[in-house]
Each structure stands twice: as structure tokens, then as C-alpha cells.
Amino acid sequence: MQIPVTSVAAVGAAIRAARKAGGVRQDDLGVVSHMFLRDLEQGKETVQFGRALKVLEAAGLIELDP
């Protein structure tokens with residue numbers, strides 16, 4: 001799936017949509033705290049990018065190189 005990335009809010013919305021479509025709760029991802037995930041899904045612009053990448057990978061939206 002490809003999404004246009006125009007803002008942090010767009011990334012957050014894509015993560016939330018993928019998580020909801022898969023029936024995954026915020027706590028189930030387990031790679032970051034639910035508070036960080038909430039901030040990311042709500043488009044908070046000061047989230048840490050490295051942690052955001054971990055969420056994207058856990059949601060199955062990207063594959064990170066080792």
C-alpha cells in the first residue's frame with residue numbers, strides 16, 4: 001500500500017487505518033507506548049522519527065533494512 005505523505009497527520013492516519021483494519025489495539029503493537037502511538041496517530045509534529053518508523057514497521061506498512 002502506498003500513501004501520499006504530506007504531513008505527520010497523514011502518516012498517523014495511515015497507521016491508525018492499518019491498525020484498525022487489522023483489528024489491532026494500540027497496546028498490541030508493543031513497539032512503543034500507547035501514549036506515543038496516540039500522539040503519532042493524532043499527528044503530533046514533535047514525535048521521534050525513529051520510533052515512528054518502528055510503528056510503521058510493526059503495522060506492516062514498511063520494511064526496515066536490518
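The present account deals with the structure reproduced in this document. (Residues numbered from 1 in each chain as written. Predicted model: local features only at pLDDT ≥ 70, side-chain atom pairs only at ≥ 80, totals over all residues. Heavy atoms only, no water.)

1. So, the packing of helix α3 (residues 34-41) against helix α4 (residues 49-58)
Consideration 1: As a packed pair, α3 and α4 sit with axes 11 Å apart at the nearest point and diverge in direction by 90°. Compared by their axis directions, α3 and α4 come out roughly perpendicular. Contact residues: Phe36, Leu37 and Leu40 in α3; Arg51, Ala52 and Val55 in α4.
Consideration 2: When the residues that make up the contact of α3 with α4 are grouped by side-chain class, the tally is 5 nonpolar, no polar and 1 charged. (Axes fitted to C-alpha atoms, helices over the stretch in contact; angles between N-to-C directions. Helix = DSSP H or I, 4+ residues; strand = E, 2+ residues; numbered from the N terminus. Parallel < 35°, antiparallel > 145°, perpendicular 65-115°, else oblique. Contact = heavy atoms within 4.5 Å. Nonpolar A, V, L, I, M, F, W, Y, C, P; charged D, E, K, R; others polar.)

2. Some remarks on the pattern of salt bridges
Consideration 1: One pass over the full model with this rule turns up 4 salt bridges.
Consideration 2: Where arginine 38 meets aspartate 39, a salt bridge forms, and the shortest distance between an N and an O atom there is 3.1 Å.
Consideration 3: When its relative accessible area of 35% is taken as the criterion, arginine 38 is described as partly exposed.
Consideration 4: You can call aspartate 39 buried: its relative accessible area is 19%.
Consideration 5: Residues joined in a network through salt bridges with shared partners are Arg38, Asp39 and Lys44. (Salt bridge = Lys/Arg side-chain N within 4 Å of Asp/Glu carboxyl O. Buried < 20%, exposed > 50% of the residue type's maximum accessible area, 1.4 Å probe, protein only.)

Read these as geometric descriptors, not functional statements.
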